[in-house]
Amino acid sequence: DSGVTQTPKHLITATGQRVTLRCSPRSGDLSVYWYQQSLDQGLQFLIQYYNGEERAKGNILERFSAQQFPDLHSELNLSSLELGDSALYFCASRGTSDEQFFGPGTRLTVL
Amino acid sequence: KNEVEQSPQNLTAQEGEFITINCSYSVGISALHWLQQHPGGGIVSLFMLSSGKKKHGRLIATINIQEKHSSLHITASHPRDSAVYICAVDAGTASKLTFGTGTRLQVTL
């Protein structure tokens, strides 16, 4: 158990819908990273937050957004969903070392 | 060309065999990570290294910064080692990771 929690575990929705994925980092970790793992693209970095502020952006679509709240949990919002958004979404937290601890992931299926 | 290349893509071994998975990268890095992903999907961090060699049990990771190359070795492989092994590099920009495509390892009895 990495200490990072993600909910929900599975999410099935339809095209055009909007969903919110939630991540709670390890106790005391200020950094949260979001990653997407799809069959055709592999694992890709989406976005990073540190203590409530956006720090880095990767290949994140404009239809996607994220935020980190004062209690340090983070949410990834995916809107106007398309079939190609079906993927595993992982969050990871990082503490004082550079090691990242991954959550169990949310499997999103868009029908 | 991907920034992080792994080889082989697939690997089948018999129990007890010594296994090596290779990772080459093309950018300057502050650290390299080896991750393990089991069929259930969860990702576990095995090693983070920036120089030399690290060992945990039957797993050994080495890195050569000058050659931009890392290897993950598994000694006395076991069927429970069957998983996808992923190399990822931290180029030092906010510590975001860039991933290789993974090596799928199957260890048979």
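Right, let's walk through the structure included here. Predicted model, so just to flag it, every value in this text is computed and none were measured.

So, about the interface of chain A and chain B. Each partner contributes to the interface: chain A provides 16 residues, whereas chain B provides 15 residues. Summed over the three residues of chain A that lose the most area to chain B, namely A:L43, A:D98 and A:F102, the buried surface amounts to 38% of that side. There are zero salt bridges connecting chain A and chain B. Every element with two or more residues in the side of chain A that touches chain B is listed here: β4 (31–38), β5 (42–50), β9 (87–94) and β10 (100–102) of chain A.

Residue and element names in this part refer to chain A. According to the stated counting rule, one finds four salt bridges over all chains in the structure shown. The salt bridge involving E82 is made with R63; its shortest N-O contact spans 3.7 Å. Here the residue E82 occupies a position in the loop between β8 (74–78) and β9, and R63 occupies one in the loop between β6 (53–57) and β7 (64–68), the gap between them amounting to 19 residues. A relative accessible area of 44% means that E82 is categorised as partly exposed. Within the structure, one salt-bridge network assembled from shared partners comprises R63, E82 and D85.

Residues and elements named next belong to chain A. The strand order across the open sheet formed by four strands is β1-β3-β8-β7, and the pairing between neighbours is antiparallel. The open sheet has two edge strands, β1 (5–7) and β7, and neither has a second partner. Within the sheet, the average angular offset between the axes of one strand and its neighbour, ignoring direction, is 15 degrees. Alignment of strand β3 (residues 19–24) against β8, held across five bridges, turns out to be antiparallel. Bridge pairing links L21 to L76 in β8.

Okay, the packing of aromatic side chains next. If you walk through the whole model with that rule in mind, you get seven aromatic pairs over all chains. Relative to A:Y35, the ring of A:Y33 lies with its centre 6.2 Å away and its plane at 10 degrees, an arrangement referred to as stacked. A:Y33 gets classed as buried once you look at its relative accessible area, which sits at 0%. Connected via pairs of aromatic rings, a cluster forms that spans A:Y33, A:Y35, A:F45, A:F90, A:F102 and B:F99. Positioned over the ring face of A:F101 is A:R26, at 3.7 Å from the centre of the ring.

A few words on the layout of surface pockets. Space inside the largest pocket adds up to approximately 1100 Å³. When contributions to the lining of the largest pocket are tallied by element, the ones reaching two or more residues are β4, β5, β9 and β11 (106–110) of chain A together with β9 (83–90), β10 (97–99) and β11 (103–108) of chain B. Looking at the lining of the largest pocket, its residues break down into 14 nonpolar, 21 polar and five charged. Of the volumes computed, that of the second largest pocket is approximately 250 Å³. Around the second largest pocket sit 13 residues that line it, and A:D1, A:S2, A:F102, B:I43 and B:V44 are the ones nearest its centre. The set of elements that each furnish at least two residues to the lining of the second largest pocket consists of β10 of chain A together with β5 (43–49) of chain B. Residues of the lining of the second largest pocket, tallied by class, amount to six nonpolar, six polar and one charged.

Parameters and conventions
- Residues numbered from 1 in each chain as written.
- Chains lettered and ligands numbered in written order.
- Predicted model: local features only at pLDDT ≥ 70, side-chain atom pairs only at ≥ 80, totals over all residues.
- Heavy atoms only, no water.
- Contact = heavy atoms within 4.5 Å.
- Buried area = accessible area lost by both parts, 1.4 Å probe.
- Salt bridge = Lys/Arg side-chain N within 4 Å of Asp/Glu carboxyl O.
- Helix = DSSP H or I, 4+ residues; strand = E, 2+ residues; numbered from the N terminus.
- Buried < 20%, exposed > 50% of the residue type's maximum accessible area, 1.4 Å probe, protein only.
- Pairing = 2+ DSSP bridges.
- Axes fitted to C-alpha atoms, helices over the stretch in contact; angles between N-to-C directions.
- Phe/Tyr/Trp six-rings, centres within 6.5 Å; stacked < 30°, edge-to-face > 60°.
- Lys NZ or Arg CZ within 6 Å of the ring centre and 35° of its normal.
- 1 Å grid on protein atoms, 1.4 Å probe; cavity = no way out; pocket = protein on both sides within 12 Å on 5 of 7 lines; lining within 4 Å.
- Points joined across faces, edges and corners; volume = space filled by probe spheres on them.
- Nonpolar A, V, L, I, M, F, W, Y, C, P; charged D, E, K, R; others polar.

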